[in-house]
Amino acid sequence: MKKICICTTVSITMKTFVVETAKHLHENCGYDITLICNEDEDFEKSLPEYLHFIPVHMARGIDFSAMKSIKEFLRIFREQKFDMVQYSTPNAACYASIAAKIAKVPVRLYCQWGIRYVGMSGISRKIFKAIEKMVCRNSTDVRAVSPMNKAFAVSEGLYPEEKAVVVGKGGTIGVDMTRYNIENKKEYRESVRTKYGIGPDDFVYGFAGRVSADKGCGELLEAFRKLSDTESDAKLLLVGPVEDNCGISPDLIAWAKDSERVVMTGMIDGSRMNEYYCAMDVLVHPTYREGFGMVLQEAGALGIAMITTRIPGASEVMEDGVSCVLVEPKDCTELEKAMGMLISDRDKCQQIGQAAYDRTKKYYSRDIMLENQRKDYIMILGDKTDE
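The text that follows walks through the structure, step by step, so that each part is easy to find. (Residues numbered from 1 in each chain as written. Predicted model: local features only at pLDDT ≥ 70, side-chain atom pairs only at ≥ 80, totals over all residues. Heavy atoms only, no water.)

### Things to note about a nonpolar patch on the surface
Quick note on the threshold: Residues enter patches when they are more than 30% accessible in relative terms and free of salt bridges; like-charged ones are connected within 9 Å and nonpolar ones (Val, Leu, Ile, Met, Phe, Trp, Tyr) within 5 Å. Computed with a 1.4 Å probe, the accessible areas rest on the Shrake-Rupley method; for each residue, only the protein chains presented here act as cover. Salt bridges are defined by distance alone: a side-chain nitrogen of Lys or Arg within 4 Å of a carboxyl oxygen of Asp or Glu. Put simply, DSSP H or I for four residues or longer makes a helix, DSSP E for two residues or longer makes a strand, and each gets a number counted from the N terminus. When a residue's accessible area, from a 1.4 Å probe over protein chains only, is under 20% of the maximum for its type it is buried; when over 50% it is exposed; and in between it is partly exposed.
Together, Ile62, Ile123 and Ile127 give the surface a local cluster of nonpolar side chains, amounting to about 320 Å² of exposed area. Note on placement: isoleucine 127 falls in helix α5 (residues 122–138). A relative accessible area of 37% places isoleucine 127 in the partly exposed class.

Quick look at the structure:
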């Protein structure tokens, strides 16, 4: 029986991107799987008996406790003698890759779900690029989250092209189509709209995530403010918290909070996101950087048209002009134009939503993504000598 260890920094990442994969691998391959992240008793209790859990303290950001975390990883890896250690998210990847290399773990898999230094500049970019390059060098294999993210990493010299693979069309574990069930769309659409005073005939642009500058929310608010002057039935539904020091103009945030055309829900339980997507006619996702865009897959499962940016990850989930509309990041004028096109041509909007549903069902359904991963693990766990 192969012994696998999967490491992330915090438990929310485990819950969202790892646990279903671990269950599938154990049930279909018989792997003995251990999960490592920060301490979380509730998370540990939620796991089935066959998944082991070892907490390791990992401070967020750069911290002097890093050496202690690396030593703890090294102790665990030497004791457990895993056949493979997999890691993702910045701190867990840094610490676990160093320890796994020293412990001579045969397969050291880096799941590169995003590249942290993208968008940084100056000394911060240099430091985090050096860390990213070290993690890649310590790893025997890399799984890039998308073709464009892989191409960027290769162009940056993070690893040679042959070291990394993109599984399927990209992404992580896909969408649970039973939870994001399009058959429930009408019911949820009515209930969420009623809750927030949105009319049944209003045209709703939606956003899901942190309301912050790097998610493109400044451009979204500015574009909607201009658009709402001419489109009387347009509404904007922002689903997520407004961060302190979010980087958006305080005047623009104040306008949004005062506007009767903007609904700001604040933080909601993630288990209810399927309901909130259903209230939208268009998901607007004008982010500056992205791993692969889970929100795009989730909205696609519910047949929601979407606008996102021409950047690695986000632009690769759907097809421009078919199942999404792509705009340049940080371009308020182009974003407003795309938003205006979809409200004026509602048949086109519905066609894009249907195409998004068809593409999600074909490529990003949870069962398809898990099976892609199962085949990849079988391949990667072949005989491997230490590098």
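### Details of unusual backbone geometry
A positive phi angle is found at threonine 89, which is not glycine, with a value near 65°. Judged by its relative accessible area of 22%, threonine 89 falls in the partly exposed class. Non-glycine residue lysine 330 carries a positive phi angle of around 65°. Its place among the elements puts lysine 330 in the loop between β13 (325–327) and α13 (332–344). Using a relative accessible area of 58% as the deciding quantity, one classes lysine 330 as exposed.

### Looking at the environment of glutamate 183
Here glutamate 183 is to be found in the loop between β7 (164–166) and α7 (185–195). Separated by 18 residues in sequence, glutamate 183 and valine 165 place their C-alpha atoms 35 Å apart.

### Overview of the sheet that holds β13
Rules: At least two DSSP bridges between two strands are required for those strands to pair. To obtain each axis, a line is fitted to C-alpha atoms, and for helices this fit is confined to the stretch in contact; angles are then taken between N-to-C directions over 0 to 180 degrees. Should any heavy atoms of two residues lie within 4.5 Å, those residues are counted as being in contact.
Judged by pairing direction, the sheet is parallel, and its six strands sit side by side in the order β10-β9-β8-β11-β12-β13 without closing on themselves. Each of the sheet's edge strands pairs with one partner strand only, and the pair in question is β10 (262–266) and β13. Mean inter-strand twist for the sheet, computed between neighbouring axes without regard to direction, equals 20°. Bridge count for strand β8 (residues 203–208) against strand β9 (residues 234–239) is six bridges, and the pairing is parallel. Across the sheet, the residue bridging to valine 204 is lysine 235, located in β9. The strands touched by helix α8 (residues 217–227) are β8, β9, β10 and β11 (282–285); relative to β9, the strand with the most contacts, the crossing angle is about 160°.

Just geometry here; none of it tells us what the structure is for.
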